[in-house]
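Structural features, examined
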Number of protein chains: 2
Amino acid sequence: MKNIFQKVSIIGNGNVGFHLIEAFCDAGIEVTHVLVRHSINETERNVAYVNSYSELPKNQLVIVCVPDDFITEVIEQIDESCPVAYTSGSVNIASLPKRNELGVFYPLQSFSKGVQLEMGEVPFFIEANEISFGESLFELAQKLSKNVKYASSEQRSKLHLAAVWVNNFTNHLTFIAQEYLESEQMDFEDLKPLLKETIRKIELNSPRESQTGPARRGDQKTIEKHLKMLNESQQEIYRILTQSIQKTYLQND
Amino acid sequence: MKNIFQKVSIIGNGNVGFHLIEAFCDAGIEVTHVLVRHSINETERNVAYVNSYSELPKNQLVIVCVPDDFITEVIEQIDESCPVAYTSGSVNIASLPKRNELGVFYPLQSFSKGVQLEMGEVPFFIEANEISFGESLFELAQKLSKNVKYASSEQRSKLHLAAVWVNNFTNHLTFIAQEYLESEQMDFEDLKPLLKETIRKIELNSPRESQTGPARRGDQKTIEKHLKMLNESQQEIYRILTQSIQKTYLQND
């Protein structure tokens, strides 16, 4: 029997790898080896940082935490005796080199090395080419989080796409607001309570119920005034989002 | 001397009015009268709900909390002895009927009747047609919040525009993500930890540093894949935001 529940190896020490190492150690799962491209001095955890695939223990689960474009070449170099799982939201399991035990261990969250988070709240999505391996990964994820589900590659890529809207795009809109205020010598800090409340309301109610503003109430005068205050590329985004809001609620009011 | 610090009247019992009444009462400022269009039974606070302008006490501050389009006609009906302030983000003070003491008491926040919030964290922006009245409003706001500033009508309308991005537009993007997931029989709840973390990171760092995702890293393969998964109007927004992110970071990397 493989000891995938007690011991794991990790490839990659980026944002995801870093947080998984922390979370496994906190959950009492031993991360024996971490494969990294460059030597690093890491003394906090009882983990061996290695630079060569041959140093990874055989017959031990390897979790691959590298950018999507490198997953195939990384997996090809892992010993055939090792079950392998990867952490990507958008890479289809069928697109990867075949092996005995191949699976997905996808935490739906935005990780940054410098920013601590509650792994117990992070939804994990599991997929595998073999049922019992999938079950093992599922149980492993349950040691880290209370929200673990199975998801096909197709479902996972939908979650990943939704995450782009919720994370990447909302972040960019906030950036536009910051840039705009700063160009007008005003303080973005004053917007932060609103930002926080915006998200709190979505959690309490829903984005549909929470929608307010000139587009929602059809206040064309304010919309025109705002457009005049923006530059061309800001105008383009303002206009298209305003139209989208108007279309959404006109259809349903 | 007018007792504007101890007693106020409020016009409107919408989202803003409701929360201001609560906050004033909690701060020990007496809201003696609230003018509403329709009779309401409200027993919790020691407040008189009235339906006629003539019932508002003379020589007492009136805070107007009505939609932008009604501010002018409301102000015209308030007794000349009363100092008046209104709570709008976008209405210019110069556009309103002249009177002795006219000012702005603008809380930059998204209020909903059913949702409690920390008024002490809400930024208030003050403007007045007369310096000492402005100072009085400033002091009054300080009884409610630790973040009070003066802002001209022009500055205030910029803050209001930035608020549209941070609140209305981010909310709509989240709505699109929810609608998309639900149309695919998936659970929007699984996105909520990510949404929360997105905003927490913006608060900890800045939206510029926090930007990640396919657009940020120029991952054209994932972008194309995502576009194929969306309907036409979603595609339009996805495309324009992706272009905007790429333009932002190409210029600066």
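The numbers attached to residues start from 1 for each chain and follow its sequence in the written order. Each chain takes a letter, starting from A, and each ligand takes a number, starting from 1, following the order in which they are written. Only residues with pLDDT of 70 or above have their local features reported here, since the model is predicted, and side-chain atom pairs are shown and tallied only from 80 upward, although totals for entire chains, interfaces and linings are computed over all residues. Heavy atoms from the whole structure form the basis of all side-chain values; hydrogens and water molecules are not counted.

Regarding its fold elements, chain A presents 9 helices and 8 strands. Projected onto the principal axes, the alpha-carbon positions of chain A cover approximately 70 × 40 × 30 Å. Working definition: with a 1.4 Å probe on protein chains only, accessible area under 20% of the residue-type maximum means buried, over 50% means exposed, and in between means partly exposed. Considering chain A as a whole, with its 253 residues, one finds that 57% of them fall into the buried category. Note on definitions: a residue-residue contact is assigned when non-hydrogen atoms from the two residues lie within 4.5 Å. Looking at chain A alone, contacts between residues at least 24 apart form 51% of all its contacts between residues at least 6 apart. Each accessible area is a Shrake-Rupley result for a 1.4 Å probe, and residues are judged covered by the shown protein chains and nothing else. Here chain A displays about 11300 Å² of accessible surface, and carbon together with sulfur accounts for 46% of that area. Looking at charge distribution, chain A has the averaged site of its 25 positive side-chain charges lying 6 Å from that of its 34 negative ones. Secondary structure elements follow DSSP: runs of H or I of four or more residues count as helices, runs of E of two or more count as strands, with numbering from the N terminus. His is not counted, nor are the chain ends; Lys and Arg add positive charge and Asp and Glu add negative charge. Each charge is placed at NZ for Lys, CZ for Arg, CG for Asp and CD for Glu.

Turning next to helix H9 (residues 232–250) of chain A. Here a helix's expected span is defined as the number of its residues, less one, multiplied by 1.5 Å. Given a rise of 1.5 Å per residue, 19 residues ought to cover 27 Å, and the 26 Å separating the end C-alpha atoms of H9 of chain A matches this to within 8%. The complete set of buried residues in H9 of chain A reads Gln234, Ile237, Tyr238, Ile240, Leu241, Thr242, Ser244, Ile245, Thr248 and Tyr249 of chain A. Buried residues belonging to H9 of chain A abut helix H4 (153–183), helix H6 (207–210), helix H7 (214–217) and helix H8 (220–229) of chain A together with helix H4 (153–183) and helix H9 (232–250) of chain B. At the N-terminal end of H9 of chain A, a side-chain oxygen is found 3.2 Å from the backbone nitrogen of Ser233 of chain A, two or three residues along, and the residue is Asn231 of chain A. Pairs of N or O atoms within 3.5 Å make up the polar contacts considered here, provided that, within protein, one atom can donate a hydrogen while the other can accept it, and that residues adjacent in sequence are counted only when both atoms are side-chain atoms.

Glancing now at empty space enclosed by the protein. Lining residues are defined by having an atom within 4 Å of a point belonging to a cavity or pocket. Those points lie on a 1 Å grid over the protein atoms alone, cavities being sets where a 1.4 Å probe fits but cannot get out and pockets being open sets with protein on both sides within 12 Å along at least five of seven lines. Grid points are joined across faces, edges and corners, and a volume is the space filled by probe spheres set on the points. Taken as a whole and judged by the stated rule, the model has 2 cavities of 30 Å³ or more. Approximately 30 Å³ is the volume attributed to the second largest cavity. Lining the second largest cavity are Thr198, Lys201 and Ser210 of chain A together with Ser110, Asn167 and Asn171 of chain B. Sorting the residues of the lining of the second largest cavity by element identifies helix H5 (192–204) of chain A together with H4 of chain B as the ones contributing at least two each. Of the residues belonging to the lining of the second largest cavity, the class tally is no nonpolar, 5 polar and 1 charged. Gly counts as polar in this scheme, as do all residues outside two lists: the nonpolar Ala, Val, Leu, Ile, Met, Phe, Trp, Tyr, Cys and Pro, and the charged Asp, Glu, Lys and Arg.

Locating Asn171 of chain A in the fold gives a position in helix H4. Asn171 of chain A gets classed as buried once you look at its relative accessible area, which sits at 1%. In this structure the side chain of Asn171 of chain A is engaged in a polar contact, spanning 2.8 Å, whose partner is the backbone oxygen of Pro207 of chain B. For Asn171 of chain A, the side chain forms a polar contact with the side chain of Gln211 of chain B, separated by 2.8 Å.

A few words now on the pairing of strand E2 (residues 30–35) of chain B. As a general feature of sheets, a regular strand has side chains that alternate between the two faces. Residue and element names in this part refer to chain B. In terms of burial, E2 is a largely internal element, 5 of the 6 residues being buried. Strand pairing follows a simple DSSP-based rule, namely that at least 2 bridges must link the two strands. Bridge count between strand E1 (residues 7–11) and E2: 5 bridges; the pairing is parallel. Following the sheet pairing, Ile11 is matched in E2 by Leu35. Crossover handedness is defined by viewing with both strands directed away from the observer: a clockwise path from the first strand over the helix to the second marks the crossover as right-handed. Since E1 and E2 lie parallel, the crossover through helix H1 (residues 15–26) that links them has a hand, and here it is right-handed. The sheet contact formed by E2 and strand E3 (residues 48–50) spans 3 bridges and is parallel. Residue pairing in the sheet places Val34 in a bridge with Tyr49 of E3.

Below, the discussion takes up the relation of the copies chain B and chain A. Take chain B, turn it by 180°, move it 0.0 Å along the axis, and it overlays chain A with an RMSD of 0.1 Å. The transformation just described matches what one would write down for a two-fold rotation axis. Of every C-alpha in chain B, the one belonging to Thr170 of chain B sits nearest the axis of rotation, 2.5 Å from it. Of the interface residues in chain B, 100% have counterparts in chain A that sit at the interface too, so the contact is made through matching surfaces. Least-squares superposition of the copies uses the C-alpha atoms of those residues scoring a pLDDT of at least 70 in each of them.

The next thing to look at is the environment of Asn231 of chain B. Residue and element names in this part refer to chain B. Relative to the elements of secondary structure, Asn231 occurs in the loop between helix H8 (220–229) and H9. Assessed through its relative accessible area of 40%, Asn231 is described here as partly exposed. As a C-alpha pair, Asn231 and Tyr180 span 51 residues in sequence and 9.5 Å in three-dimensional space. Only 2.9 Å separates the side chain of Asn231 from the backbone nitrogen of Gln234, close enough to count as a polar contact.

With 89 residues of chain B at the interface, the matching set in chain A holds 89 residues. Buried surface at the junction of chain B and chain A, summed over both partners, amounts to about 8500 Å²; 66% is from carbon and sulfur atoms. Summed over the three residues of chain B that lose the most area to chain A, namely Trp165, Val166 and Asp190 of chain B, the buried surface amounts to 9% of that side. Salt bridge, as applied in this entry: a Lys or Arg side-chain nitrogen positioned within 4 Å of an Asp or Glu carboxyl oxygen. At the boundary of chain B and chain A, one finds 8 salt bridges. Our count for the chain B to chain A interface comes out at 34 residue pairs in polar contact (both at pLDDT 80 or more). Only H4, helix H5 (192–204), helix H6 (207–210), helix H7 (214–217), H8 and H9 of chain B provide two or more residues apiece to the side of chain B that touches chain A. Here the side of chain B that touches chain A gets 26 residues from one element, more than from any other, and that element is H4 of chain B. Across the side of chain B that touches chain A, the residue classes break down as 38 nonpolar, 30 polar and 21 charged. Throughout, buried area stands for the accessible area (probe radius 1.4 Å) lost by two parts on being put together, summed over both.

A few words on the sheet that holds strand E1 (residues 7–11) of chain A. Residues and elements named next belong to chain A. Pairing is mixed in the open sheet, where 8 strands are placed in the order E3-E2-E1-E4-E5-E6-E7-E8. The outermost strands of the open sheet, each flanked by one partner alone, are strand E3 (48–50) and strand E8 (148–150). Neighbour-to-neighbour, the strand axes of the sheet open up by a mean angle of 25°, direction not taken into account. One ladder, built from 5 bridges, connects strand E6 (residues 102–107) with strand E7 (residues 124–128); its direction is antiparallel. If you follow Pro107 over to E7, its bridge partner there is Phe124. Fitted lines through C-alpha atoms serve as axes, helices being fitted only where they are in contact, and the angles separating the N-to-C directions of these axes extend from 0 to 180 degrees.

These values are about where atoms sit, not about what they do.
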